[in-house]
Amino acid sequence: MITAPGCGACRRLHQLLDALAADGALPPVALLRVDAERAGGLLEELAVFHLPALVPVAGGGLGAPLAVPLARAPLLAALAALAAAPREPPAPGLR
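Calculation criteria
Residues numbered from 1 in each chain as written. Predicted model: local features only at pLDDT ≥ 70, side-chain atom pairs only at ≥ 80, totals over all residues. Heavy atoms only, no water. Helix = DSSP H or I, 4+ residues; strand = E, 2+ residues; numbered from the N terminus. Disulfide = S-S within 2.5 Å. Buried < 20%, exposed > 50% of the residue type's maximum accessible area, 1.4 Å probe, protein only. Expected span 1.5 Å × (residues − 1). Arc of directions from axis to C-beta.

**Some words on the environment of Ala84**
Move 1: Its location among the elements puts Ala84 in helix H3 (residues 72-84).
Move 2: In the structure, Ala84 is positioned 56 residues away from Pro28 in sequence and 9.1 Å away in space, judged by C-alpha atoms.

Shown next, in the form of structure tokens:
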């Protein structure tokens, strides 16, 4: 997930994820936090124009940012779908 310290929606996402983790409801996915202020090149490469952005990673590649409302049910559904997605082998050299 790509967020920024001064972003209100990003703080809301962090709060939702913390609440899901505290409730034990967070699906088994790895969530990596990327600071948008330090990753301008990545934002440009992924064409991320709005924060927060959830970007799936599979098989050593980055997917398109997900459009998910910042509410418990849609966020849980999106994360559960990612957790259930078939695993692709890592790209060569990324093992």
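Next, the rest of the story.
**Points about the state of the cysteines**
One way to say it: the disulfide is the covalent bond shared by the sulfur atoms of two cysteines.
Move 1: Scanning the entire structure with this criterion turns up 1 disulfide.
Move 2: Note that Cys7 is cross-linked by a disulfide to Cys10, the S-S spacing being 2.5 Å. On the sign convention where negative means left-handed, the S-S torsion of about 75 degrees between Cys7 and Cys10 marks this disulfide as right-handed. Each member of the pair Cys7 and Cys10 is classed as buried.

**Things to note about helix H1 (residues 8-23)**
Move 1: Taking 1.5 Å per residue as the helical rise, H1 with its 16 residues ought to reach 22 Å, and the 23 Å between its terminal C-alpha atoms agrees with that figure.
Move 2: Along H1, the residues classified as buried are Cys10, Leu13, His14, Leu16, Leu17 and Leu20. For H1, the angular spread of buried residues about the axis comes to 160 degrees, placing them on one side. Exposed and oriented more than 90 degrees from the buried face of H1 are Ala22 and Asp23.

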